[in-house]
Amino acid sequence: MTRDEVKELFKFLTFIYPNFEVSSEKLDVWTSLLQNQNTEKVMQRAKRYVLENKFPPTIADLAERIDETHNSDFLEKVKQWKAEASEKY
């Protein structure tokens, strides 16, 4: 996400949570930590989040979690292990 996209996210969150604090420093930190995130997906998570929670979200609430089990390299290794195991037995 770019700085401008994070600004839009903050704008949305302040409409829902008037006590959501915004500062230049906070914007910098969030931009740095969300720079590799898909903007549309973060906004979708934000919209879902605000419907279910009465307190503002953290970065962890909105960022996509990178899980090794979803990594295609890991899945390829599992396939290889299965093939090797079936060859032995």
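About the cut-offs
Residues numbered from 1 in each chain as written. Predicted model: local features only at pLDDT ≥ 70, side-chain atom pairs only at ≥ 80, totals over all residues. Heavy atoms only, no water. Axes fitted to C-alpha atoms, helices over the stretch in contact; angles between N-to-C directions. Helix = DSSP H or I, 4+ residues; strand = E, 2+ residues; numbered from the N terminus. Parallel < 35°, antiparallel > 145°, perpendicular 65-115°, else oblique. Contact = heavy atoms within 4.5 Å. Nonpolar A, V, L, I, M, F, W, Y, C, P; charged D, E, K, R; others polar. Expected span 1.5 Å × (residues − 1). Buried < 20%, exposed > 50% of the residue type's maximum accessible area, 1.4 Å probe, protein only. Arc of directions from axis to C-beta.

A few points about the packing of helix 1 (residues 3-16) against helix 3 (residues 39-52)
- Packing of helix 1 against helix 3 leaves a shortest axis separation of 11 Å and a crossing angle of 10°. The angle between the axes of helix 1 and helix 3 places the two elements in the roughly parallel class. Contact with helix 1, carried on its side by Glu 5, Leu 9, Phe 12, Leu 13 and Ile 16, involves Thr 39, Val 42, Met 43, Ala 46, Lys 47 and Val 50 of helix 3 and no other residues of that element.
- The residue makeup of the contact of helix 1 with helix 3, split by class, is eight nonpolar, one polar and two charged.

Details of helix 3
- With 14 residues, helix 3 should reach 20 Å at 1.5 Å per residue; the first-to-last C-alpha distance of 20 Å fits that figure.
- Among the residues making up helix 3, those that are buried are Val 42, Met 43, Arg 45, Ala 46, Tyr 49 and Val 50. Within helix 3, the buried residues cover an arc of 160° as seen down the axis, which keeps them to one side. Exposed residues on helix 3 whose side chains face more than 90 degrees from its buried face are Glu 40, Leu 51 and Glu 52.

Everything listed here is a matter of coordinates, which is why it stays silent on function.
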